[in-house]
Amino acid sequence: LVLAVLVALVLAASVADAALTTGKCLGQKQTAWGDLRKCQATERAKVLKGKAADLAKCQTKFQAKLTKINDKATKAVIPCRYGDNGDGTVTDYDTGLQWEKKDAADGAPALDNPHDVDNRYSWSLAADIFRTGTAFTDFLARLDDSESSDGVTEAPCFVGHCDWRLPTIVELRGIVDLTASACGSGSPCIAPVFGPTVATDYWSATTDATSPDVAWYVIGYVGGSFKGDDSHVRAVRAGL
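Since we're looking at a predicted model, the values are computed, not measured.

Caption draft 1: Broad picture of the sheet that holds strand β9 (residues 236–238). With antiparallel pairing, 4 strands are arranged side by side in an open sheet as β1-β2-β3-β9. The outermost strands of the open sheet, each flanked by one partner alone, are β1 (82–84) and β9. With direction set aside, neighbouring strand axes in the sheet form an average angle of 25°. With 3 bridges joining them, strand β3 (residues 97–100) and β9 adopt antiparallel strand pairing. The residue of β9 that forms the bridge with L97 is A238.

Caption draft 2: Just the state of the cysteines, in detail. On inspection of all chains with the given rule, the structure shows 4 disulfides. What pairs with C25 in a disulfide is C80, and their sulfur atoms sit 2.0 Å apart. Taking the torsion about the S-S bond as the criterion, the C25 to C80 disulfide, at about -100°, is left-handed. Taken together, the residues C25 in helix α2 (residues 22–48) and C80 in the loop between α3 (55–76) and β1 connect sequence positions 55 residues apart. A residue is classified by how much of its surface remains accessible, and C80, at 8% relative accessible area, is buried. Sulfur-sulfur distance for the disulfide between C183 and C189 comes to 1.8 Å. Between C183 and C189, the disulfide has an S-S torsion of 85° and is therefore right-handed.

Caption draft 3: Quick peek at the packing of aromatic side chains. For the structure shown, the criterion picks out 6 aromatic pairs. Centre to centre, the rings of W99 and F194 are 6.3 Å apart; their planes meet at 80°, and the pair counts as edge-to-face. Here the residue W99 occupies a position in strand β3, and F194 occupies one in the loop between α5 (169–174) and β5 (202–208), the gap between them amounting to 95 residues. An angle of 45° between the planes, with centres 5.4 Å apart, marks the rings of Y121 and F139 as tilted. Taken as a pair, Y121 in strand β4 (residues 121–122) and F139 in helix α4 (residues 134–143) lie far apart in primary sequence, 18 residues in all.

Caption draft 4: Representation of α2 in the model. Taking 1.5 Å of rise per residue, the 27 residues of α2 would be expected to cover 39 Å, and the 39 Å separating its terminal C-alpha atoms lies within 8% of that figure. At its buried positions, α2 is contacted by α3 and β1. G50, located one to two residues past α2, shows a positive phi value of around 80°.

Caption draft 5: Just the sheet that holds β5, in detail. Taken together, 3 strands build an open sheet; the order of strands is β5-β6-β7 and the sheet is antiparallel. Each edge of the sheet is formed by a strand with only one pairing partner; in this case those strands are β5 and β7 (222–226). When the angles between neighbouring strand axes are averaged without regard to direction, this sheet yields 40°. Here 4 bridges tie β5 to strand β6 (residues 211–218), and the two strands are oriented antiparallel to one another. Counterpart to T207 in the pairing with β6 is A215.

Caption draft 6: Focus on the pairing of strand β2 (residues 89–92). Burial along β2 is two-sided: T89 and T91 facing one way and V90 and D92 facing the other are all buried. As judged from the 3 bridges shared by β1 and β2, these two strands associate in the antiparallel manner. If you follow G83 over to β2, its bridge partner there is T91. Linking two consecutive strands that pair antiparallel, namely β1 and β2, is a turn of 4 residues; a positive phi of about 75° is found at G86 within it. Of the pairings in the sheet, the one linking β2 to β3 comprises 3 bridges and is antiparallel in character. Within β3, the residue paired with T91 across the bridge is Q98. Between β2 and β3, which pair antiparallel in sequence order, lie 4 residues; one of them, G96, sits at a positive phi of approximately 85°.

Reading guide: rules and limits
- Along each chain, the written sequence defines residue order, and numbers are assigned to residues from 1.
- Confidence filtering applies because this is a predicted model: local features only for residues at pLDDT of at least 70, side-chain atom pairs given and counted only at 80 or more, and all residues used for totals across whole chains, interfaces and linings.
- Calculation of side-chain values draws on the structure's entire complement of heavy atoms; hydrogens and water are dropped beforehand.
- Strand pairing is assigned whenever DSSP identifies at least 2 bridges connecting the two strands.
- A run of H or I in DSSP becomes a helix once it reaches four residues, and a run of E becomes a strand once it reaches two; helices and strands are each numbered from the N terminus.
- The convention used is that axes are lines fitted to C-alpha atoms, helices contributing only their stretch in contact, and that angles between N-to-C directions extend from 0 to 180 degrees.
- By definition, disulfides here are pairs of cysteine sulfur atoms that lie within 2.5 Å.
- Burial classification: accessible surface area is computed with a 1.4 Å probe over protein chains only, and a residue below 20% of its type maximum counts as buried, one above 50% as exposed, and the rest as partly exposed.
- Stacked, edge-to-face and tilted are the three classes for Phe, Tyr and Trp ring pairs, Trp counted by its six-membered ring, which pair at centre distances within 6.5 Å; planes under 30 degrees apart are stacked, over 60 edge-to-face, the rest tilted.
- Between the first and last residue of a helix there are one fewer steps than residues, each counted as 1.5 Å, and that sum is the expected span.
- A contact between two residues is defined here by any heavy atoms of the two lying within 4.5 Å.

Encoded structure:
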């Protein structure tokens, strides 16, 4: 009898996992992020009140929830990491980052459209090593621009957020998907949800510690290039 009950429970769990959809799975992760923020707020409030607090436990619980959800998604054989927000951005529910999608994959750059996948930008001016290149002065400036014509109202930044930036090398490597269709054969090593992507170098915001005139980039592997060179870019911000 006990064995029969255990088998029934296992079968029931298997059916539940198989019934899990990507939408439901991402919804569970969204809830987990909400619980994390509530926990962090509670612990910070304790600090303000002079009480003992433990912020680390919030992250530990959150990671355990994500692991459990990802295990269920694996059993159900469904994708459960990225969500297309329908506004030209993608949310990574594992890292909480919000990424810019690209468009206009016609082989012709159009710098007046910062989302054009064919655009290339420099990291810095050829004469220096600082963030003076068009990746910052043109690309990010357009995304983070909030102008006012009357001194009262402002034009919104990209999807209402003015904190877009270039990803760090760790963040950029994190969205490389070596299992993507035809990765390494002229197709980009990235999930299709990110929209048009060229199979060549994308700037990160990270400088090479041994060569200040070089910044790291990602193709499907990590490389470095002189900051005065032109490369592709994709913006990111903290989303969840």
